[in-house]
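Geometric and topological summary
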Amino acid sequence: MDSEKKGRQWSSKSVGTAWQHRFFYLLIRLGGRWAAYLVLYFIIFYYMLLRPDQRKKSEYYLRRRFPDSGPVRRWWQSYRMSLELGKVLIDRAAVGILGPEVLSVTLQGREELLELVGEGRGLILMMSHVGCWQVAMAALRCLETPVNLLIQQEEGDVDRHFFEHSGTGSPFHIIDPRGYLGGTLEMMGALKKGEVLSVMGDRMLGSDRSSVPVRFLGDEMQVNFSSYKIASATGAPIAVLFSRKTGPSSYELQVSGVIRVPADLGRSKEAYLPYAQLFARLLEEYTVKNPFQFFNFYDMWNNDGEG
Amino acid sequence: MAIKEKLKKILVEELNLEDMTAEEIEDSTPLFGEGLGLDSLDAVELVVLIQKHFGIEIQDMEEGREAFESVETLAGFIDERLKG
């Protein structure tokens, strides 16, 4: 196993097949989000009842978030978590198919973000697979600064981003971490121009040389520290930004913290550990308040790359 | 000290190239991948080191991409900037 595969256990590939996705897209067009929600309840119930392999994927997280739960309660939590993910995916598709007006998105900390962008050293938005980060990113238009998004999509992934439905092209500049030098030069270039760079702080990208161990929900997991190193090299502040579904048709995007990484921290990965740990702590606080809007369905804590 | 020699010394000493001396680095050896074996994290460090030692900020990353091919191209890039 090479170091990249060992470091990265997640996949962006959807559980559903292409026709299942198309069926939901059609349902949204014909009946709106509510029709799609209605079908979703039954499909999630099917998966939870007859596909224990899928249910198991939520248990890595749930076991740590709710350590005292018994099997029945755990089943219910798994159902809730999967249902919330389904709703978020429907909402995301609905924004692309029906238009952004189907959802309202509020941004808490807008002034703070504008001040950080105003510093002129670029801004790293560190997000996570919680809530609906893609829909929430629509709220970033108020920054009036180009937004670059570090994102890796698997070959053959049938799940679409919201902008792919409307055919208008991505409102963000996509940086592929599989590109030249993992996209690091592109990321630094964007920040040096004073632009916004959005990264996911909870997923491993690249080799295990770029990872540090942090404590999250009681156990150790590996996270990538490249973003903190880039922040140190460029002087760009890091704003930790989480989204959450607050109602049937509303989302909130909130600045949960600002991380400033000093310059000249050098090559030692340990120097970046406190900043990665701070992010993990903020993410943990999010899961306390929004336990079923955390969408990492793999064993984030398995540092050996098995399973 | 010539730019190439200074660069090689920086690479060995500050990027901790193991089992290699500055004299052993060929001018045309690729910096990344199969050549010297540097990776994306080293690229970030290299941008910082070039600014620190030569006072040159790599703003245009496309330009940086060409410069980062080998010691020779990087030295040429630095020389051009210092003259300009």
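Treat the numbers as computed from the prediction; the structure is a model and nothing was measured.

The next subject is the sheet that holds strand β3 (residues 147-150) of chain A. All names here are of chain A. Strands sit in the order β1-β9-β8-β2-β5-β3-β4 across an open sheet of 7 strands; the sheet is mixed. Each edge of the open sheet carries a strand with a single partner, namely β1 (104-108) and β4 (173-175). Going from strand to strand, the sheet's axes swing by 25° on average, the running direction of each strand aside. Bridge analysis of strand β8 (residues 238-247) against strand β9 (residues 250-259) gives 9 bridges, and the strand direction is antiparallel. Residue pairing in the sheet places K245 in a bridge with Y251 of β9. Sheet contacts for helix α10 (residues 273-289): β2 (123-127), β8 and β9; angle to β8, the most-contacted strand, approximately 10°.

What follows is about the packing of aromatic side chains. Residue and element names in this part refer to chain A. One pass over the full model with this rule turns up 15 aromatic pairs over all chains. For the pair W75 and Y79, a centre-to-centre distance of 5.9 Å together with 10° between the ring planes defines the contact as stacked. Note that W75 and Y79 are positioned in helix α4 (residues 71-98) at a spacing of 4 residues, about one turn of the helix. Geometrically, the ring pair formed by F216 and F294 is tilted, given 5.8 Å between the ring centres and 35° between the ring planes. In this pair, F216 sits in strand β6 (residues 211-216) while F294 sits in the segment after α10, placing the two residues 78 residues apart along the sequence. Among the aromatic residues, those joined into a cluster by ring pairs are F45, W75, W76 and Y79. Of note, R65 hangs over the ring of F66, and the distance from its end group to the ring centre comes to 4.5 Å. The positively charged end of K87 is found above the aromatic ring belonging to Y37, 5.7 Å away from the centroid.

Counting residues in each nonpolar core, the largest one holds 77 residues, and the members touching the most others are Y228 of chain A together with F68 and L74 of chain B. Looking at this core element by element, the count peaks at 8 residues for helix α2 (residues 40-54) of chain B. With residues up to four places along the chain from it excluded, the contact list for Y228 of chain A reads M126, I238, I259, V261, Y272, Y275, A276 and F279 of chain A. Grouped together as the second largest cluster of nonpolar side chains are 22 residues, L113, M127, L149 and V255 of chain A included.

Analysis parameters
- Residues numbered from 1 in each chain as written.
- Chains lettered and ligands numbered in written order.
- Predicted model: local features only at pLDDT ≥ 70, side-chain atom pairs only at ≥ 80, totals over all residues.
- Heavy atoms only, no water.
- Pairing = 2+ DSSP bridges.
- Helix = DSSP H or I, 4+ residues; strand = E, 2+ residues; numbered from the N terminus.
- Axes fitted to C-alpha atoms, helices over the stretch in contact; angles between N-to-C directions.
- Contact = heavy atoms within 4.5 Å.
- Phe/Tyr/Trp six-rings, centres within 6.5 Å; stacked < 30°, edge-to-face > 60°.
- Lys NZ or Arg CZ within 6 Å of the ring centre and 35° of its normal.
- Core = buried A, V, L, I, M, F, W, Y, C linked by side-chain atoms within 4.5 Å.
- Buried < 20%, exposed > 50% of the residue type's maximum accessible area, 1.4 Å probe, protein only.

All quantities given are derived from atomic positions and should not be read as evidence of function.
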